[in-house]
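Per-entry structural report
Now for the letters of each chain:
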There are 2 protein chains.
Amino acid sequence: MWFQIDPRLSKPIYLQIVDGVKEACAKHILNPGDRLPSVRELAAEMTLNPNTVAKAYQELERTHVIEVIRGRGTFVAAPSPVPDKEQRLAAMRDTIKHLWIEAQYLQMTSHDLLALMHATVAEWDRERGRERV
Amino acid sequence: MWFQIDPRLSKPIYLQIVDGVKEACAKHILNPGDRLPSVRELAAEMTLNPNTVAKAYQELERTHVIEVIRGRGTFVAAPSPVPDKEQRLAAMRDTIKHLWIEAQYLQMTSHDLLALMHATVAEWDRERGRERV
DNA sequence: CATCTGTACTATGTGTTATAGTACACATAG
DNA sequence: CTATGTGTACTATAACACATAGTACAGATG
């Protein structure tokens, strides 16, 4: 599979699935139209309860990452305009604030923090390029 | 107080206190040696249970943000070398990865993302400067 | 001694997570 | 048509985290 879950982590399993799928989509390991494993298939493969996988799929559909067709399966959705763009941008700013605070405690300057951001983003851009179809 | 809590948020109250104190320290609203309100004082002021505040203080002491002196009170700790620096750096990289993925879904380029980071960090640097003692 | 500190402990209620099992509506292949 | 595979809905259970309430203890201070 394009991701793996760890039941020992505090992060809920269904959110690990959600993030795993979103990451695979962002890296173009999964592309629009691709079919995801069925709820029962994925549950069997990862020895999880089908309900847990279903919960993840419902969250992914709610956020328009995947599309569900009754009786057919779930598919990666095509990119579409985002309705709650402002809220999500605000959440990103808040996350960056947390990074800024954490950097202080690691005795990093703002320059150090921005350098880390540059390097990490560049790394993930390369990752995406390598996996692209 | 230098922060406020919202019981309606999904984030646990004790973690809201933890982050509030850390933010106040990062912005130098609180400085090393400053005394924090007692468990009972803060609980009364924010209409919380003293146990909740105590849990926050214990987490803050565990991460060396504050120092506790039995019978005297809690005080902002002086900056000290960080033991688990590697883990915390790795966690920051993971957070940046999440930002990168979220940016994709908001149809932002990596350049857009880095610009947002620059702007947000600069904003918080200004915030810190204004509050400095 | 009286009063303030943080801490420890039990108990209760609530909400989330994950599991198990059953059942239903829809789509498709034979 | 039947059989099978989709997602979904529902009940029930167990485990855990969170928050509250109340009591009690050890250390520091005036």
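Residues numbered from 1 in each chain as written. Chains lettered and ligands numbered in written order. Predicted model: local features only at pLDDT ≥ 70, side-chain atom pairs only at ≥ 80, totals over all residues. Heavy atoms only, no water.

Topic: the environment of Lys97(B)
Considering the arrangement of structural elements, one finds Lys97(B) in helix H4 (residues 85-105). Setting aside chain neighbours within four positions, we find Lys97(B) in contact with Glu23(A) and Trp124(A). (Helix = DSSP H or I, 4+ residues; strand = E, 2+ residues; numbered from the N terminus. Contact = heavy atoms within 4.5 Å.)

A word on the packing of helix H4 (residues 85-105) of chain A against helix H5 (residues 110-131) of chain B
Packing of H4(A) against H5(B) brings their axes to within 9 Å, and their N-to-C directions diverge by 60 degrees. On the basis of the axis angle, H4(A) is oblique to H5(B). Judged by the twist between their axes, the crossing of H4(A) over H5(B) is right-handed. Taking contact as the criterion, the partners of Leu89(A), Met92(A), Arg93(A), Ile96(A), Lys97(A), Trp100(A) and Gln104(A) in H4(A) are, on H5(B), Leu113(B), Leu116(B), Met117(B), Thr120(B), Val121(B), Trp124(B), Asp125(B) and Arg128(B). (Axes fitted to C-alpha atoms, helices over the stretch in contact; angles between N-to-C directions. Parallel < 35°, antiparallel > 145°, perpendicular 65-115°, else oblique. Left-handed = near helix turned anticlockwise from the far one by under 90°.)

Focus: the protein's contact with DNA strand C
In the region of DNA strand C, 27 residues are neighbours, and Ile13(A), Asn51(A), Thr52(A), Lys55(A) and Val39(B) sit closest. Counting only the atoms of DNA strand C within 4 Å of the protein, the fraction contributed by sugar and phosphate is 64%. Measuring from a phosphate oxygen of DNA strand C, one finds a backbone N or O atom of Ile13(A) at 2.3 Å. Between DNA strand C and Glu41(B), the relevant distance is 3.5 Å, taken from a phosphate oxygen to a side-chain nitrogen or oxygen of the residue. Counting only elements with at least two residues in the surface near DNA strand C, the list comes to helix H1 (13-26) and helix H3 (50-62) of chain A together with helix H2 (39-45), helix H3 (50-62) and strand E2 (73-76) of chain B. Sort the elements by how many residues they give to the surface near DNA strand C and H3(B) lands first, with four residues. By residue class, the composition of the surface near DNA strand C is seven nonpolar, 10 polar and 10 charged. (Near = heavy atom within 4 Å. Polar contact = N/O pair within 3.5 Å; in protein donor to acceptor, adjacent residues only side chain to side chain. Nonpolar A, V, L, I, M, F, W, Y, C, P; charged D, E, K, R; others polar.)

Regarding the relation of the copies chain B and chain A
Placing chain B over chain A gives an RMSD of 0.1 Å and needs a rotation angle of 180 degrees, together with 0.0 Å of translation along the axis. Taken together, the rotation and translation describe the operation of a two-fold axis. Interface overlap between copies: 100% of the residues of chain B at the interface are likewise at the interface in chain A, consistent with a symmetric, same-surface contact. (Least-squares fit on C-alpha atoms with pLDDT ≥ 70 in both.)

Observations regarding the domain arrangement of chain A
Residue and element names in this part refer to chain A. Domain assignment breaks chain A into domain 1 (13-76) and domain 2 (85-131). Computed from C-alpha coordinates alone, the two centres of domain 1 and domain 2 are separated by 27 Å. With five residues of domain 1 in contact, the opposing surface of domain 2 contributes four residues. For the pairing of domain 1 and domain 2, the buried interface totals around 410 Å² over both sides, and the portion due to carbon and sulfur atoms is 59%. The interface formed by domain 1 and domain 2 includes one salt bridge. Of the charged contacts in the structure, one is a salt bridge between Glu127 and Lys27, with a shortest N-O distance of 3.7 Å. One can count zero residue pairs in polar contact (both at pLDDT 80 or more) joining domain 1 with domain 2. For the side of domain 1 that touches domain 2, the per-class residue count stands at two nonpolar, one polar and two charged. (Domains from an automatic or database assignment. Buried area = accessible area lost by both parts, 1.4 Å probe. Salt bridge = Lys/Arg side-chain N within 4 Å of Asp/Glu carboxyl O.)

A few points about the protein's contact with DNA strand D
Near DNA strand D lie 25 residues; those nearest to it are Val39(A), Ile13(B), Asn49(B), Asn51(B) and Thr52(B). Restricting the count to atoms of DNA strand D within 4 Å of the protein gives a sugar and phosphate share of 60%. At a separation of 3.5 Å, a phosphate oxygen of DNA strand D approaches a polar backbone atom of Tyr14(B). Between DNA strand D and the protein, one listed contact pairs a sugar or linking oxygen with a backbone N or O atom of Arg70(B) at 3.5 Å. When its residues are assigned to classes, the surface near DNA strand D shows six nonpolar, 10 polar and nine charged.

What to know about the interface of chain B and chain A
In this assembly, 42 residues from chain B lie in contact with 42 residues from chain A. For the pairing of chain B and chain A, the buried interface totals around 4,300 Å² over both sides, and the portion due to carbon and sulfur atoms is 71%. Three residues stand out in chain B for area buried against chain A, namely Met92(B), Trp100(B) and Tyr105(B), and they jointly supply 17% of the buried area on that side. With a shortest N-O distance of 2.7 Å, Glu102(A) and Arg88(B) are connected by a salt bridge. Counting across the chain B and chain A interface gives 14 residue pairs in polar contact (both at pLDDT 80 or more). Looking at the side of chain B that touches chain A, the elements that each hand over two or more residues are helix H1 (13-26), H4 and H5 of chain B. By residue number, the principal contributor to the side of chain B that touches chain A is H4(B), which donates 16 residues. Looking at side-chain class alone, the side of chain B that touches chain A contains 22 nonpolar, eight polar and 12 charged residues.

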